[in-house]
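Observations on the three-dimensional arrangement
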Amino acid sequence: MASAEYIRTAEEAVARVAYLASDVVISVKQSLSGESRYSAQLDSLLTAKTPSLIAQADESPEIQTIQQSADPLLSVHIPAHNGKYVSVTTTSNTLISAIPHLYKFANVPVVLHVAMEPAEFPDYADITSIRQSGLIMIQSESVLDAQDMAIAAHALAIRSGKGVLHFFPGTAAGAEARVPVADELLNRVLDQGKIRSFRAKATGQHQPTLYSGDGQKAETVDLPLPASSTPSTGAATPSASTGGLSGFLSGLTNGTPSSTSSETADSGNSSRLSVSSASTADSTTTVRAVTSEDIYNYAQDLFETIRQATSRNYRIFEYSGSPNATAAVFVFGSTIGLFRKAVAQAEAGEVYANVGVISARVYRPWFGTRIPHALPKSVTKVAVLEQIKRKTTRWGPLFLDLLTCLRSEPSSSIGMSVVGYQLGYIDSRTIQQALRGVVQNLNAQSPVQNLQVGSLSAPVAPSERILQPEVETAYMRILAELFKERLHLANEIHRANAGITEGISASPEYGFGSLIARQEKRQVFIAQVEKAIKDRAFATDVPAQLLSKWLVVANDPVKSIHAAQAAILRLEVDGSAASREFLRHKSFFYKESQWLVGSDAWSYDLDNSGVHHVLASGKNVNMLIIDSQPYSEKAAADAPRRKKDIGLYAMNYGNAYVASVAVYSSYTQVLHALIDADKFEGPSVVLAYLPYKKEDDSPLAILQETKKAVDIGYWPLYRWDPYGEEKGGINFNLDSERIKTELKEFLKRDNHLSQLIRRHPQFAANLSSSYGTEVREQQKRKAKDSFNKLLEGLSGPPLTILFASDGGNAESLAKRLARRGKLRGLKSMVMAMDDYPIDDLPNEENLVLVTSTGGQGEFPQNGRAFWEAVKNSTDIDLAKVNFAVFGLGDSEYWPRKEDKIYYNKPSKDLDKRLGDIGGKRMIDLGLGDDQDPDGYQTAYGEWEPKLWAYLGVDKVEGLADEPPPITNEDIKINSNYLRGTIMEGLLDESTGAISAADAQLTKFHGTYMQDDRDVRDERKAQGLEPAYSFMIRCRLPGGIATPDQYIRMDNISNEFANKTLKLTTRQTFQFHGVLKRNLRNSMRAINRACMDTLAACGDVNRNVMCTCLPENSALHEEVWKYSKKISEHLLPSTTAYHEIWIADESDKKTQVGGNAVVDFEPLYGPTYLPRKFKITIAIPPHNDTDVYAHDVGLVAIRAPDGSLEGFNVMAGGGMGVTHNNKKTYPRTGSMFGFVKKDVVHIVCEKIMLVQRDHGDRKDRKHARLKYTIDDMGVDVFKGKVEALLGFKFDEPRPFEFNNNADVYGWHRDEKGMNHFSMFIENGRIHDTPSFPTKTGLRELAKIHTGEFRLTGNQHLIVSNVTDEMLPKIKDLMAKYKLDGLSYSGLRLASAACVAFPTCGLAMAESERYLPELITMLESTLEECGLRHDAIVMRMTGCPNGCARPWLAEIGLVGKAYGAYNLYLGGGYKGDRLSKLYRSSIGEAEILGVLRPMLKRYALEREEGERFGDWVIRAGIVKRTTEGKRFHEDVAEEDEE
């Protein structure tokens, strides 16, 4: 057993004993992100896999970490009643709220180790308050004591069968000791026979209930002595105490308990009867409850055993001091040791020299009648010092205990006097003075009772204070923003409450009581104002006039604000006594929005939490209850830990407004709910979801948990007003699609469910299917049975093919293998691994598994559950199963040698595991490698024939040719000019998706089908299809929109999308989360805004970009018109867009023979382009559109008069790459030359036509223009363009770029108009508690008379603001925090693509993660003076390059979830590609690389030198000279 040699603190000692002597340890923490004083020891033992001394199979105990506010003792019940020994490590703060549980532990061997808090000066009232709980209570005074008493506590619980509470002073800072561990002692006293007996007795017999006793009792057995052993008349029967611990440990035979009162002292006495023999031989054997006398004997025996082992003496009551003392001090507190030391060191003549000190080692049961035996007979006076900070009764509980026993004990002196004291904070500097005061008062002729000794206040460490978790401040900020000066939080943490501890003042009961009192005080305040007006109590008449107006609106939340402010201003200058008095209570002038804020701890016991009291009162009190339990950690299996549904409880009560909200799901709904609750006259309950595992969890983690919970119906979003219908509205508003069963039953009861379905017929399927009832295994069985029925007609041997696939290659390969198997007469069945019922695996005959490889060598998503089941199963036997495995991987995906293990790891693991559990390998493992000449097909071509040969079907003749796979080119040519079956797919209500072919075609219409990957796995587990939705991208040449268009875009996002707007790197608006049923309405709404989405995506020319250039409006306007002209010129001609999205029933296109619509595409033809085609325009010196990164890059050239002369034309830029496929690379555009402005649209057309005719249509990874130009050569390609043009390009005009970022702040153009470049992080426009950006921009659009310009870096320019409008615009921007530019230069120059959760290509996070990563770097930037330096940093979730990361000075490209490739050395002007520096690194390594590199850059850079230039000069990476050299000379070479 791993064993530490020494322990340093009481908590460490206790934690070690609890771990070694328990099956389950409940570790209670104040916060999940912090550590308790027990945590380090528990974690250390668990990490070392140290077994418990009482475990049945040398297992480690289970450690459950539970937050203090989450009713942690609920978790004790189930294991404790199922034969497991449970211990709890906690602090005294937990005890009072746990009283309903404690009495149930009185007859269960549970041990609670309680560190008294606060450590510097604990309050022992927490112990005295629970003294009637029935628990055995023992205390320790030092670190050494704590270890010994922890051991005693566990031994006592096991022996007695009763609960034991061990309390001790918490270890204060700097009070560490060094004490050797006592594992051998612990092992010696643990009664293994009793442990076995308890487990056998408990198994299956007890079903605990929470709110009533379960009838379990701690019992012992009295054994009759056999005749030969019966003592002679007059002989005393020896008690267990005479024989030490051996007496009671030997009272067990065959694991059954015996009575200590009947045991002999000789443990080796052969004449003793076992319980089993006694029960059959003598009917007088009795089973009885354990008594306090038994406990006394058990404890004494334990203390004797400890003495024998360690020479340390413990007693029930422990006395130290003079044997002839005349007075004694009974200390109940944390300073017993100080008193003992002071008395021991007392000098002769000191007033307390002849005084003894006594304490209770065992506090409960109270053995008070034995105190006189512990004291010298000379003692006539006892001082009782109780460390209770806030007395609620005149006499202390220990004083009453002692007084009662001393007065009633015949052996005690009738004249003994007892004097009570309140023990405050004392230390080594004040102990002597305190002791003198105690003794002097005690010796007085008339001692003063309840004298205070020491100070009742003491320094408290910051860690002891109650802190609100940082993540929960989101809701606090919303409350503050909504209600401002009206907000009153009754139980706000750290509010000054004289004499009330923070724990009490933050509780709901205290908060509710204070609210009632506050409401009453306001009524008194109003009455006083009325009286003051009547009495003319002011210096002038003005205050009375203003206060009279205020009285009229005093109870109006809005009107009272203005009236109050006016009255307060006047009262401040009035000078009268009445004015001063009213100003002292000026908060009462406002009709407050009064709130109680609580946690999900309130959900565990409604009557005890204050929720019931609020509802029952009917008072106008609002409750905000923040639930932090993650959906993924819901304790469904632990019935006692299931929280009560406060929402349903309140709705059933009938008088309360109830809302269920989630700020990370719908910010707007939170606002509506809080405003509604404030307006509601009566109790309001707002349940707010904020799931976190630790208080410092990232917003991204909270967002993902929230989405799962809302999507699946675990946390439905709704608002309930019991009087809604009486007000002309409705009672129940559902703000999310799914509801759970319990809520559905409530709605059914009052017919609200049918009304809800009528209002939202699209939700009918979701609402009528109960949450949590779909059984995944049944679905798997049904799917497999369906396959079996299809195969019944075939006669060949069966072949089951299972696949795990992320990108689709493994799935396609598996399905092709199945088709080929059927052609050879095999009964082929194919399905995803996770869809297969694992119990059928041993029954298979021939099994083939095909799997691809995840980013860090993990299984694809649809194979992970299957692999976990196979890997961990102990009963799967494949002795009758033949199997073969083929894997798809990339040997170059992990350049570092240590990462090579990830190559094809899933297939290797699977092949080995199937062999280990008995499977017979048909053929060797096949490993497909993307680096082979034909990719994975190279190895597969050799592997498949071997499989057919093994199965005996390799020589089948007359096999039909397989149809070639359908390609994008097939889909386009057969689409009837982009129509496909899109119309039919939109009408199909059975799914939220459209067909795969239509999903390719809708891209040409500006929309992608996606699904929410945050909830993909959870929905699959529930048997639901993915959460399909659509992204819509607008076509907006040059990125200019009017204020009216902006408002319309905002409306669309609110009504049809996910209530956010995305500004993209293609300088346009993008919507996410549009459901299929809303697609046409969204497209029509965009059309009504005089915009469209045609050709925003797809194999066509996409949105044409243009530099925003706010400082030169005339030139910008001219260039922008050409961007629009190019876009319009290159638009597809098909009318499919109008027919599908815009036309109604009266607007039908004329059809000709065969009911076919005839279209014509003069530029594109029926197959359009090989791949996407992108054009951008940059106006020097700004390269904010990354002109080098596009298929066609146009550089605007000014004429001498400042107007537009023409364009330099570049071609062949492009960003898309495939990881580790060196045939793919990013490329910057090649210069072709200069053309006049009036022909630029024709030049773009001809470049596009050459690409149309010569681009690669067989390999889409090689189909972009950049590869066509490199394959043909620049001159050849350019010559073909010139041939189509009929003229040659002129020599390029000189130009100079100075950056590719945006220039923020206010600018004034040559026309006198004002423009503000606004930072929108990663282009996501939404409201958050800190930044109401979306609301602010909408309000801005309402008054703005100019235009909005979207930038290529995902930001926004408020353009053409007149001087007259400038003050209004600035004020409004300040109000909504739209003018903030105090960000680091790194953040201002950053950009990220969308990635998770909607992008189907994403391998890692991007938009949601980059802001967090930058935050982690900003402290370094501050430290080395780089805060204001612009360093271009970009992140993408995959290598397709939407955020153009290859041109950034720092580029991060997702390779797997949490892993990125790091690229350095891109040009600050956007004219140079970066170079790979590190591959597949996580957050820690990214920070480990960048932090020291930034520090070095700050020290070594030359004047004006940019980071991207410096890393090249410093030799960190080499310069990338052209795209074809991108993969050469990388910093991290592949090592074999």
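Structural notes, computed from the coordinates. (Residues numbered from 1 in each chain as written. Predicted model: local features only at pLDDT ≥ 70, side-chain atom pairs only at ≥ 80, totals over all residues. Heavy atoms only, no water.)

**Quick notes on the overall build of the chain**
Just so we agree on the cut-off: Strands here mean DSSP runs of E at least two residues long; helices mean DSSP runs of H or I at least four residues long; both are numbered from the N terminus. Note on contacts: a residue pair qualifies if any of its non-hydrogen atoms lie within 4.5 Å across the two residues. All accessible areas in this document rest on Shrake-Rupley with a 1.4 Å probe, and a residue is counted as covered only by the protein chains that are shown.
Counting secondary structure elements, the chain contains 51 helices and 50 strands. Of all intrachain contacts in the chain linking residues separated by at least 6 positions in sequence, the fraction that spans at least 24 positions is 75%. For the chain, the accessible surface area stands at approximately 62300 Å², while carbon and sulfur atoms represent 50% of it.

**Brief notes about the state of the cysteines**
Defined simply, a disulfide is a covalent bond joining two cysteines at their sulfur atoms. Basically, it comes down to this: Sulfur atoms of two cysteines make up a disulfide when they are within 2.5 Å.
As enumerated under the stated definition, the model contains 0 disulfides in all. We note that cysteine 1097 lacks a disulfide partner, and the nearest cysteine sulfur, in cysteine 1442, lies 9.9 Å from it. Looking at cysteine 1393, it has no disulfide partner, and the nearest cysteine sulfur is the one in cysteine 1442, 5.9 Å off.

**Considering helix H43 (residues 1240–1254)**
This is how the line gets drawn: Given the number of residues in a helix, its expected span is that number minus one, multiplied by 1.5 Å. The rule is simple: take the accessible area with a 1.4 Å probe, protein chains only, and divide by the maximum for that residue type; under 20% is buried, over 50% is exposed, in between is partly exposed.
In this model H43 runs 21 Å from its N-terminal to its C-terminal C-alpha over 15 residues, within 8% of the 21 Å that 1.5 Å per residue would give. Extensive coverage of H43 is indicated by the burial of 11 of its 15 residues. All buried positions along H43 are accounted for by Val1240, His1241, Val1243, Cys1244, Glu1245, Lys1246, Ile1247, Met1248, Leu1249, Val1250 and Gln1251.

**Focus on empty space enclosed by the protein**
Our working definition: With a 1 Å grid laid over protein atoms only, a set of points is called a cavity when a 1.4 Å probe fits there but cannot get out and a pocket when it is open yet has protein on both sides within 12 Å along at least five of seven lines; lining residues have an atom within 4 Å of a point. Grid points are joined across faces, edges and corners, and a volume is the space filled by probe spheres set on the points.
If you walk through the whole model with that rule in mind, you get 6 cavities of 30 Å³ or more. There is about 100 Å³ of room inside the second largest cavity. Forming the walls of the second largest cavity are Thr1107, Cys1108, Leu1109, Pro1110, His1182, Asp1184, Ala1301, Asp1302, Val1303, Ser1317, Thr1351 and Ile1357.

**Some details on the sheet that holds strand E3 (residues 62–67)**
So the rule is basically this: Should DSSP find at least two bridges between two strands, the strands are taken to pair. All axes are obtained by fitting lines to C-alpha atoms, using only the stretch in contact for helices, and the reported angles, taken between N-to-C directions, cover 0 to 180 degrees.
With mixed pairing, the 7 strands of this open sheet are ordered in space as E3-E2-E4-E5-E7-E6-E14. The two strands at the open ends of the sheet, each matched to only one other strand, are E3 and strand E14 (362–364). Taken pair by pair, the neighbouring strands of this sheet meet at an average axis angle of 20°, ignoring direction. Bridging between strand E4 (residues 86–91) and strand E5 (residues 111–116) involves 5 bridges; their strand directions are parallel. Within E5, the residue paired with valine 88 across the bridge is leucine 112. Relative to strand E7 (residues 164–169), helix H6 (residues 143–160) is tilted by about 170°, and along the sheet it contacts E4, E5, strand E6 (136–139) and E7.

**Section: the environment of glycine 1346**
Summarising the element assignment, glycine 1346 is placed in the loop between helix H46 (1333–1343) and strand E44 (1347–1350). By relative accessible area, glycine 1346 is classed as buried at 17%. Along the primary structure glycine 1346 and proline 1043 are separated by 303 residues, whereas in three dimensions their C-alpha atoms are 7.2 Å apart. Aside from chain neighbours lying at most four places away, what touches glycine 1346 is Pro1043, Ser1359 and Asn1360.

**A few points about the sheet that holds strand E31 (residues 1007–1011)**
Read across the sheet, 5 strands follow the order E31-E32-E35-E34-E43 without closing on themselves; strand pairing throughout is antiparallel. Both outer strands of the open sheet, E31 and strand E43 (1324–1325), are each paired with one neighbouring strand and no more. Relative to strand E35 (residues 1069–1074), helix H39 (residues 1043–1055) is tilted by about 15°, and along the sheet it contacts strand E34 (1061–1063), E35 and E43. Running over the sheet, helix H40 (residues 1079–1088) touches E31, strand E32 (1028–1033) and E35 and is turned about 15° from E32.

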